[in-house]
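Single-letter residue listing:
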Amino acid sequence: MRSFLQATLPADAHQAVLVARAWVAGSGAVLVQLRPDGVYDLSGLAPTCSGLLELPGVAAAVRGHAGRKLADLAPVLANTAFDARDPALPWLMAPCDLQAIKAAGVTFVSSMLERVIEEQARGDPSKAQAVRAAVVAVIGDDLAAVRPGSAEAAQLKEVLLAQGMWSQYLEVGIGPDAEIFTKSQPMSAVGTGSEVGIHPKSEWNNPEPEIVLAVNSRGETVGATLGNDVNLRDFEGRSALLLGKAKDNNASCAIGPAIRLFDDHFSIDDVRRCDLVMKVLGPEGFAMDGLSPLSMISRDPLDLVSQATGANHQYPDGFMLFLGTMFAPTQDRHGPGQGFTHVVGDRVTVSTPRLGTLVNCINTSDRIVPWTYGTSALMRDLARRGLL
């Protein structure tokens, strides 16, 4: 795992403003800035990531802060690997803390079609291939020209209803209202180098490589990072009402390695141009690659932010927003027509040059160290350090 963490920082890390959190023995979770030459304490600016993102001109504030150097970067990255972690030394956590963790679903055409297939197959992977062929025969495999909420989308809906092929996933995919759901609880996300969890009863699941926006309480998008919205296709396919169980389990949300703040070198336009590359390497030698260009998204990232917050919904501690993925793997792993599913020991890498690399290993959620460091534990540590 250590070698996979060497490309953690963005390719242009020398000009990136990177905010992260590090576990420091005796202090707990510490807000830090990652630089090529080291890990620097940001506690003098704000005690929490949530609070930091409230600062006006936050990128300039972080860049100008002369925080104490906690450690060189290389040993911290090496110690971030879950299978080589020394609890006495610093290691990277998920960069967010008190923010709500939200996700936008069905924002890409290809993943929308796969959600329809999940629904039609009722969560049974052996039926997916036949259902896929039947669905594509009716609605085709290219809806990229259909703008969500448009008159053309409404007309397409009427056609699909007449064909008996309308789906709740098509509703949020091309209808006026985006799907915005709670992916995970504040403080529950794991960072790069950690294990991520799938429910032990799931037999059909997959990674979802995504860009995650950092949004403050004023609804201002101030940065971006990477995420893996681990998904249980069988649970959600059985019933959309199982979405909570399909999405929110111990360690089922990975975010990191750091939030790159928007500044003169990196903006929302750079996010729109990002191509996410994902690799899965299995313990038996299985390999799978995937690409998710954000330019193919059917709803603009800032439109998704505006649908998540506003007069009807506020986030006083800000929120992290997964933007969705077009990656819905169909590569057979265990036999013809079975498609892809994870096995314990899979190594999942999500990367893009401007945001760096997020690396995690798959395990079942009941075998991963339980989540115990919540908001009350953080508040106790901050009070003990004199930061509250």
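Residues numbered from 1 in each chain as written. Predicted model: local features only at pLDDT ≥ 70, side-chain atom pairs only at ≥ 80, totals over all residues. Heavy atoms only, no water.

Novice: Go over the nonpolar core with me, naming the residues and quoting the values.
Specialist: Within the largest apolar cluster, 45 residues are counted, with the highest numbers of intra-cluster contacts made by Ile211, Leu213, Ala224, Val271, Phe319 and Leu323. With near-sequence residues (within four places) excluded, valine 271 lies in contact with Ile211, Leu213, Ala224, Phe262, Phe266, Leu294 and Leu323. In terms of nonpolar packing, the next biggest core, distinct from the first, is built from 27 residues, Cys49, Val58, Ala214 and Ile259 among them. (Core = buried A, V, L, I, M, F, W, Y, C linked by side-chain atoms within 4.5 Å. Buried < 20%, exposed > 50% of the residue type's maximum accessible area, 1.4 Å probe, protein only. Contact = heavy atoms within 4.5 Å.)

Novice: So what's going on with the packing of aromatic side chains? Residues and values would help.
Specialist: According to the stated counting rule, one finds 5 aromatic pairs in the structure shown. An aromatic cluster is built from Trp23, Trp91 and Tyr373, whose rings are joined through pairwise contacts. The ring of tyrosine 40 has arginine 35 sitting right over it, with the charged end atom 3.8 Å from the ring centre. Above the plane of the ring of phenylalanine 235 lies arginine 238, whose end atom (NZ or CZ) is 5.2 Å from the centre. (Phe/Tyr/Trp six-rings, centres within 6.5 Å; stacked < 30°, edge-to-face > 60°. Lys NZ or Arg CZ within 6 Å of the ring centre and 35° of its normal.)

Novice: So what's going on with the layout of surface pockets? Residues and values would help.
Specialist: Taken as a whole, the largest pocket encloses approximately 610 Å³ of empty space. Along the walls of the largest pocket sit 22 residues, with Arg85, Trp91, Val190, Val369 and Pro370 positioned nearest its centre. Only β1 (18-24) and β5 (91-93) provide two or more residues apiece to the lining of the largest pocket. Partitioning the lining of the largest pocket into residue classes produces 14 nonpolar, 5 polar and 3 charged. (1 Å grid on protein atoms, 1.4 Å probe; cavity = no way out; pocket = protein on both sides within 12 Å on 5 of 7 lines; lining within 4 Å. Points joined across faces, edges and corners; volume = space filled by probe spheres on them. Helix = DSSP H or I, 4+ residues; strand = E, 2+ residues; numbered from the N terminus. Nonpolar A, V, L, I, M, F, W, Y, C, P; charged D, E, K, R; others polar.)

Novice: Just give me the short version of the state of the cysteines, but keep the residues and values in it.
Specialist: Per the counting criterion, the structure on display carries 0 disulfides. Its sulfur unpaired, cysteine 96 is 6.7 Å from the next cysteine sulfur, which belongs to cysteine 49. Between cysteine 274, a cysteine without a disulfide, and cysteine 96, which holds the nearest cysteine sulfur, the sulfur-to-sulfur distance is 18 Å. Accessibility expressed as a relative area gives 3% for cysteine 274, which makes it buried. (Disulfide = S-S within 2.5 Å.)

Novice: Any details on helix α12 (residues 375-384)? Residues and values, ideally.
Specialist: Among all positions in α12, only Ala377, Leu378, Asp381 and Leu382 are buried. Buried positions in α12, seen along its axis, are confined to an arc of 135° and lie on one side of it. In this structure, α12 carries Arg380 and Arg384 as exposed residues pointing more than 90 degrees from its buried face. Taken together, the buried residues of α12 touch β2 (28-35). Downstream of α12 by one or two residues, glycine 386 has phi in the positive range, about 75°. (Arc of directions from axis to C-beta.)

Novice: Lay out the pairing of strand β18 (residues 356-364) in plain terms, naming residues and giving numbers.
Specialist: One face of the sheet, then the other: side chains in a regular strand alternate in exactly this way. The element β18 is largely enclosed, with a buried count of 9 among its 9 residues. Sheet analysis places strand β8 (residues 195-198) next to β18, joined by 4 bridges and oriented parallel. Directly across from glutamate 195, in β18, lies its bridge partner cysteine 361. Here strand β17 (residues 347-352) runs beside β18; their pairing, made up of 6 bridges, is antiparallel. Its bridge partner being in β18, threonine 349 is matched across the sheet by valine 359. Counting the residues that bridge the hairpin from β17 to β18 gives 3 residues. (Pairing = 2+ DSSP bridges.)

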